[in-house]
Amino acid sequence: MKIKIGPNPDGKDAREVTVVPVDEEFPLRNRAWEEDNRRKVDELSGGKLAYVHVPDTAVGGWTNFNRFYYAQTGKLGSDH
């Protein structure tokens, strides 16, 4: 599907982009929720603490842990 986006409602200076719909939006909303939490912890701790959401103790949890924990190992709260 192609749509036009731009700064003006009349279509001036708009550009055409391709949009690929997803089957289900839950994974996107969940990822946004996780990222909002990570940003909030970072902001409130002055960048000193890490936030990692581990959704389960199976493959999803293992994947999230490896992806987001190791990216933040320099933070004070990451080694406890």
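Refer to the preceding data block for the structure.
These lines cover the structure that appears in this document, whether it is placed above or below.

Definitions and limits used
Residues numbered from 1 in each chain as written. Predicted model: local features only at pLDDT ≥ 70, side-chain atom pairs only at ≥ 80, totals over all residues. Heavy atoms only, no water. 1 Å grid on protein atoms, 1.4 Å probe; cavity = no way out; pocket = protein on both sides within 12 Å on 5 of 7 lines; lining within 4 Å. Points joined across faces, edges and corners; volume = space filled by probe spheres on them. Helix = DSSP H or I, 4+ residues; strand = E, 2+ residues; numbered from the N terminus. Nonpolar A, V, L, I, M, F, W, Y, C, P; charged D, E, K, R; others polar.

## Quick word on empty space enclosed by the protein
No. 1: Evaluation of the coordinates by the stated rule reveals 1 cavity of 30 Å³ or more.
No. 2: Taken as a whole, the largest cavity spans an internal volume of roughly 60 Å³.
No. 3: If you trace the largest cavity, you find it lined by Arg31, Glu34, Glu35, Arg38, Tyr51, Val52, His53, Asn64 and Phe68.
No. 4: Put simply, the parts of the chain that give the lining of the largest cavity at least two residues each are α1 (26-44) and α2 (59-69).
No. 5: When residues in the lining of the largest cavity are grouped by element, the largest group, 4 residues, is from α1.
No. 6: Classifying every residue of the lining of the largest cavity by side-chain character gives 3 nonpolar, 2 polar and 4 charged.

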